[in-house]
Amino acid sequence: MIFITAKFRVLPEHAEAWPEISRSFTDATRAEPGCLWFDWSRSLDDTNEYVLVEAFRDGEAGGAHVQSAHFKNAQKELPPYLAETPRIVSQAVEQDDWSLLGEMEVPPRG
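Model, not experiment: these values are computed from the prediction. (Residues numbered from 1 in each chain as written. Predicted model: local features only at pLDDT ≥ 70, side-chain atom pairs only at ≥ 80, totals over all residues. Heavy atoms only, no water.)

Colleague: Can you walk me through the UniProt feature "domain: ABM" (unreviewed entry) in the protein chain in this structure?
Modeller: According to UniProt, the positions carrying the feature "domain: ABM" (unreviewed entry) are residues 2–90. For residues 2–90, helix accounts for 34% and strand for 31%, while the C-alpha atoms at its two ends are 7 Å apart. (UniProt positions renumbered as here; feature names shortened; annotations may be inferred. Helix = DSSP H or I, 4+ residues; strand = E, 2+ residues; numbered from the N terminus.)

Shown next, in the form of structure tokens:
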């Protein structure tokens, strides 16, 4: 899979509204057949920063994502709300889902 993490620093006046501002892009991306997940989190240290964790089935699915109409639309619509160019880490990894974090294993409850 292609595993991507990106940090988006949003202008302070738009930080609270970012989930709604990015909603159509998020929903359209999640609906792509090759999208495994597309999840936003907000930084605990910088309330103007959102972290996007996304994964696509393979390079072909990732390529389809960046060629999609909703991606091209986001390239036009989202930058005016940002304080800087987003930063990204993108890697191909040999798995297709999350692995368990064995160092913090939680025993069965109940």
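Colleague: Sorry if this is basic, but what is going on with the pattern of salt bridges here?
Modeller: Between side chains of opposite charge, pairing is possible as soon as their charged atoms come close. Per the counting criterion, the structure on display carries 8 salt bridges. A salt bridge links arginine 9 to glutamate 84; its shortest N-O distance comes to 3.7 Å. Placement of arginine 9 in strand β1 (residues 2–9) and of glutamate 84 in the loop between α4 (69–77) and β4 (87–92) is noted, with a sequence separation of 75 residues between them. With a relative accessible area of 25%, arginine 9 lands in the partly exposed category. One salt bridge in this structure joins glutamate 16 and arginine 42, with 3.1 Å as the shortest N-O distance. Of this pair, glutamate 16 sits in the loop between β1 and α1 (18–21) while arginine 42 sits in strand β2 (residues 35–42); the two residues are 26 residues apart in sequence, bridging distant segments of the chain. We classify glutamate 16 as exposed; its relative accessible area is 64%. A network of salt bridges, in which partner residues are shared, links Arg9, Asp46, Glu49, Glu84 and Arg87. (Salt bridge = Lys/Arg side-chain N within 4 Å of Asp/Glu carboxyl O. Buried < 20%, exposed > 50% of the residue type's maximum accessible area, 1.4 Å probe, protein only.)

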